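Listed here are the chains, written in short residue letters.
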Amino acid sequence: MDERTDPLAPQPDEFGTVRTPQFFIAATAPLQERRPRTQKDGDTFSMFDHNGDALSGPGSPEGIYCRDTRYLSHFFLTIGGERPLLLSSMLRDDNALLTFDLTNPDLYAEGGLELQHDVIHIRRTRFLWNATCFERVSVRNYDESTRRVQLELAFAADFADLFEVRGARRARRGKLHTPKVSADRTVLAYTGLDGVERQTTLRFDPAPKELTGGRAVYEIELKPRQTRQFFVEVTCGESPWELTPRRQFFSGLREARRAMRAAVGNAASVTTSNDVFNEAVRRAVADLYMLMTETEDGPYPYAGIPWFSTVFGRDALITALQTLWLDPAIARGVLRHLAANQAQTEDPAADAEPGKILHEVRYGEMAELGEVPFRRYYGSVDATPLFVLLAGSYLERTGDVASIRELWPHVEAALAWVTKYGDRDGDGFVEYGRRTVEGLSNQGWKDSYDAVFHADGRLAVGPIAMAEVQGYVYAAWKAAAQMAQALGIRGRSIEFEARAEQLRAQFDRAFFDEELGTYVLALDGDKRACRIRSSNAGHALFTGIAYPERAGSVVDILMDRSSFSGWGIRTVATTEARYNPMSYHNGSVWPHDNALIAAGLARYGFRAETARVFEGLFSAATYIDLRRLPELFCGFPRQRSRGPTFYPVACSPQAWAAVAPLSILQSCLGMAIDAAQGTLTFHQPMLPEFLEEVTLRGLTLPQGRLDVSLRQVDTEVVVHVLEREGEVVVTTTY
């Protein structure tokens, strides 16, 4: 069957070209297979294997990155010319420190065995701080005799753009310069086609016996039980440090830990009766704050490592919504930063229009040259209404009218975009369609080229109105009405409420499909329904756009075996033409998607189903390294005594996935905070079977602070106030 008759073949898009995967991520070296150790600080992140090495080669994503450029691509430690044996590698619970424990293999010389294995212990201790990777290498001799060993650290920097590492091919690259070498440092440099020189500075303390542009060699003599150390710094750019690497290691570590404690200090804490879930929560919180970058506007969670460690609008907005109960300062930072970067003019190349909220920012060479369109890119249809929704939710959570008054012009600009540019054909729905052939062809959260399709598998041609986007717009109008009321603009509040109800009725008529029993995935450019059972319908519950009489049918579809894998709700049901459990968006399971759906299930009173989704994701986490939920995993059915099937190039950690358990916990507890009334409410709280008790400490409202516990007693969850500061009222409804 040729492409003209095969509905599953790529179809011509609105520009008449056949759609193929855009800006894809090569799967030649699956991240789950490597299970890398990752760290992040600010705009810098690192990925190393379990030995602490970064091995260069085709498909390898390992190394140290800063602002979308890989500043170190090879970092390989040997002892006596051989790779050490791995004992273990550990990441501290707060992500502050990586430790790799290694030992020597059997080492041979011309006369035979020179050093028996497991005699020399090597510990590599590493952290990131201020665009620098700091490492201490400790070497200890457990033999009864004095031993002389040679340790060599080979290194290289390819200065590859992140999109090159992801799989993009470039016709030309810039120029690598000859390394500059002195007694204790090597400087590697590259001038890109954008005219920018990027350099990597490596400092060593003490100076190695031999140092070149690609290796450092230490000859170390160790008496029995003696330990020797050397220190290495890798800085993305010129080294700013005045202290020696040894002294800077300890100084930097103190500062890094102090900054981490300060960042987490204002967040509420969660402890439960389940030790494994406590591990998952600690990891989730640590990952959230590791991914946080301090901008000029406040804290901002970068999306994920390695492919999305930058500002993303949609991801940060959803992450902030999920963690609003935990730490509302995140939402404030996200709102302020996105407001500061809101589009002011039309720019087709960037898919920018006045009032539109940012999708993605990139700083690498390819973005600067326009080889990828993401230097400052606005091709996201949902970030703009989500911005308004988050602003309204932030007001309800904090009562911070002053911040909302400051943000109000940006809110109004976003709403103006919704009505003028978002609704392209004036039919009342918000659609997307890229402005140039270089832009993203799909611009909802499911942005794969093949994520929006018809029942026969044909790809939908735009402009496309996604089901969940209409829900976000509905919620945005409702949020805008609440904000206008708080600001004393009563007339606008009434107008916004009317717009919301008008959209709700129109959405029900156009998107609910009686035969499917749920909302269709989307409407294409000809207003033909994409009659697909998908997780998108669950977002209609999350936003409240679904009429109550529709909820039961939608939930039945979402929790059916064709949609619910046992680990979570699939993006697309198994009954659909393009279902593939190994695809990015057509049958996989995304934790953040499930968290939003769970919030919708709880909103409409489906408490048991909420707990079922919670149990599925938590059980998946128990099989995953570090209890860390990845960006997504495959949608194969759950089987007894087996864990989920991993997606090969999923980011981990990913912000909105990391905090999914925290969001679903809120949904199960029915927890709502009304700052204006000074109330903390638990509406029909319930606990899943794996939790008997939950304690929340440090919940803040303008009126005070609370510690509460919730315990399962017979068939009810009983709420106890453990400590209260100020005039905060706690209520429970059943």
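Just so it is clear, the structure is predicted and the values come from calculations on it, not from any experiment.

Conventions used here
- Residues numbered from 1 in each chain as written.
- Predicted model: local features only at pLDDT ≥ 70, side-chain atom pairs only at ≥ 80, totals over all residues.
- Heavy atoms only, no water.
- Helix = DSSP H or I, 4+ residues; strand = E, 2+ residues; numbered from the N terminus.
- Rg over C-alpha atoms; globule rule 2.2 N^0.38 Å.
- Buried < 20%, exposed > 50% of the residue type's maximum accessible area, 1.4 Å probe, protein only.
- Contact = heavy atoms within 4.5 Å.
- 1 Å grid on protein atoms, 1.4 Å probe; cavity = no way out; pocket = protein on both sides within 12 Å on 5 of 7 lines; lining within 4 Å.
- Points joined across faces, edges and corners; volume = space filled by probe spheres on them.
- Nonpolar A, V, L, I, M, F, W, Y, C, P; charged D, E, K, R; others polar.
- Axes fitted to C-alpha atoms, helices over the stretch in contact; angles between N-to-C directions.
- Parallel < 35°, antiparallel > 145°, perpendicular 65-115°, else oblique.
- Left-handed = near helix turned anticlockwise from the far one by under 90°.
- Disulfide = S-S within 2.5 Å.
- Pairing = 2+ DSSP bridges.
- Polar contact = N/O pair within 3.5 Å; in protein donor to acceptor, adjacent residues only side chain to side chain.
- Salt bridge = Lys/Arg side-chain N within 4 Å of Asp/Glu carboxyl O.
- Expected span 1.5 Å × (residues − 1).
- Bend = angle between axes of the 7 residues up to and from the residue.
- Core = buried A, V, L, I, M, F, W, Y, C linked by side-chain atoms within 4.5 Å.

**Q** I'd like a description of the overall build of the protein chain, backed by residues and values.
**A** Looking only at helices and strands, the protein chain has 17 helices and 35 strands in total. Relative to the globule expectation of 27 Å for 734 residues, the C-alpha radius of gyration of the protein chain, 27 Å, shows essentially globular dimensions. Judged by the C-alpha coordinates and their principal axes, the protein chain covers about 85 × 65 × 50 Å. Split into buried and exposed, the 734 residues of the protein chain put 60% on the buried side. Counting only contacts in the protein chain whose residues sit at least 6 apart along the sequence, the fraction spanning at least 24 positions is 65%.

**Q** So what about the layout of surface pockets? Which residues, and what values?
**A** Over the atoms a probe the size of a water molecule is rolled, and this reveals where empty space is left. Space inside the largest pocket adds up to approximately 1,100 Å³. Along the wall of the largest pocket there are 30 residues; nearest its centre are Ser393, Glu396, Arg603, Gln666 and Ala672. Counting only elements with at least two residues in the lining of the largest pocket, the list comes to helix 5 (313-322), helix 8 (383-398), helix 10 (467-486), helix 12 (536-543), helix 14 (591-603), helix 17 (660-669), strand 30 (671-674) and strand 31 (679-683). A breakdown of the residues in the lining of the largest pocket according to their chemical character gives 14 nonpolar, 11 polar and 5 charged.

**Q** Residue-level account of the packing of helix 9 (residues 401-422) against helix 10, with values.
**A** Packing of helix 9 against helix 10 brings their axes to within 10 Å, and their N-to-C directions diverge by 140 degrees. In terms of axis orientation, helix 9 runs oblique to helix 10. Between helix 9 and helix 10 lies a crossing of left-handed hand. Along the contact surface, helix 9 presents Val401, Ile404, Trp408, Val411, Leu415, Val418 and Thr419, while helix 10 presents Val473, Trp477, Ala480, Met483, Ala484 and Ala486. Class assignment for the residues of the contact of helix 9 with helix 10 results in 12 nonpolar, 1 polar and no charged.

**Q** With reference to specific residues and values, describe the state of the cysteines.
**A** Under the criterion given, the structure shown has 0 disulfides. Note on Cys651: no disulfide assigned, nearest cysteine sulfur contributed by Cys634 at a separation of 15 Å. Look at Cys651 and you get buried, because its relative accessible area is 0%.

**Q** With reference to specific residues and values, describe the sheet that holds strand 34 (residues 716-726).
**A** The strand order across the open sheet built from 4 strands is 20-32-33-34, with neighbouring strands paired in antiparallel fashion. For this open sheet the edge positions go to strand 20 (269-272) and strand 34, each flanked by a neighbour on one side alone. Strand-to-strand twist across the sheet, computed as the mean angle between neighbouring axes with direction ignored, equals 15 degrees. Helix 17 rests against strand 20, strand 32 (693-701) and strand 33 (704-713) of the sheet, and its axis sits at about 100 degrees to strand 32.

**Q** Report on the environment of Thr731, specifying residues and quantitative values.
**A** Turning to its location among the elements, Thr731 is positioned in strand 35 (residues 729-733). Residues Thr731 and Val694, 37 residues apart in the sequence, show an inter-C-alpha distance of 17 Å. What Thr731 contacts, discounting residues up to four positions off in sequence, is Leu680, Thr681 and Phe682. A polar contact of 3.0 Å, which involves the side chain of Thr731, links it to the side chain of Thr681.

**Q** Explain the pattern of salt bridges to me, and be specific about the residues and the numbers.
**A** According to the stated counting rule, one finds 53 salt bridges in the structure shown. One salt bridge connects Arg435 with Glu346, and the closest N-O pair in it is separated by 3.0 Å. Here Arg435, found in the loop between helix 9 and strand 25 (465-466), pairs with Glu346, found in the loop between helix 6 (328-340) and strand 23 (360-361); they are 89 residues apart in sequence, far enough to count as distant. You can call Arg435 partly exposed: its relative accessible area is 27%. Among the ionic pairs, Arg711 bridges to Glu693, the shortest N-O distance being 2.4 Å. Placement of the pair is Arg711 in strand 33 and Glu693 in strand 32, with a sequence separation of 18 residues.

**Q** An account of helix 9 is requested, with residue identities and associated values reported.
**A** With 22 residues, helix 9 ought to run about 32 Å at 1.5 Å a step, yet its terminal C-alpha atoms sit only 28 Å apart, falling short of that. The sharpest bend along helix 9 reaches about 50 degrees and sits at Leu407, with the proline Pro409 one to four residues further on. Among the residues of helix 9, those classed as buried are Ser403, Ile404, Leu407, Trp408, Val411, Ala414, Leu415, Trp417, Val418, Tyr421 and Gly422. Elements in contact with the buried residues of helix 9: helix 6, helix 8, helix 10 and helix 11 (490-511).

**Q** How would you summarise the nonpolar core if you had to cite specific residues and measurements?
**A** When a protein is soluble and globular, its nonpolar side chains tend to lie buried together. Ranked by internal contacts, the top residues of the largest apolar core, which has 172 residues, are Trp325, Phe387 and Leu696. Here this core gets 13 residues from one element, more than from any other, and that element is helix 10. Setting aside its immediate chain neighbours within four residues, Leu696 contacts Ser269, Val270, Trp325, Leu669, Met671, Leu706, Asp707, Val708 and Leu710. Formed by 38 residues, the second largest nonpolar core is a distinct cluster that contains Ile122, Val139, Ala157 and Val234.

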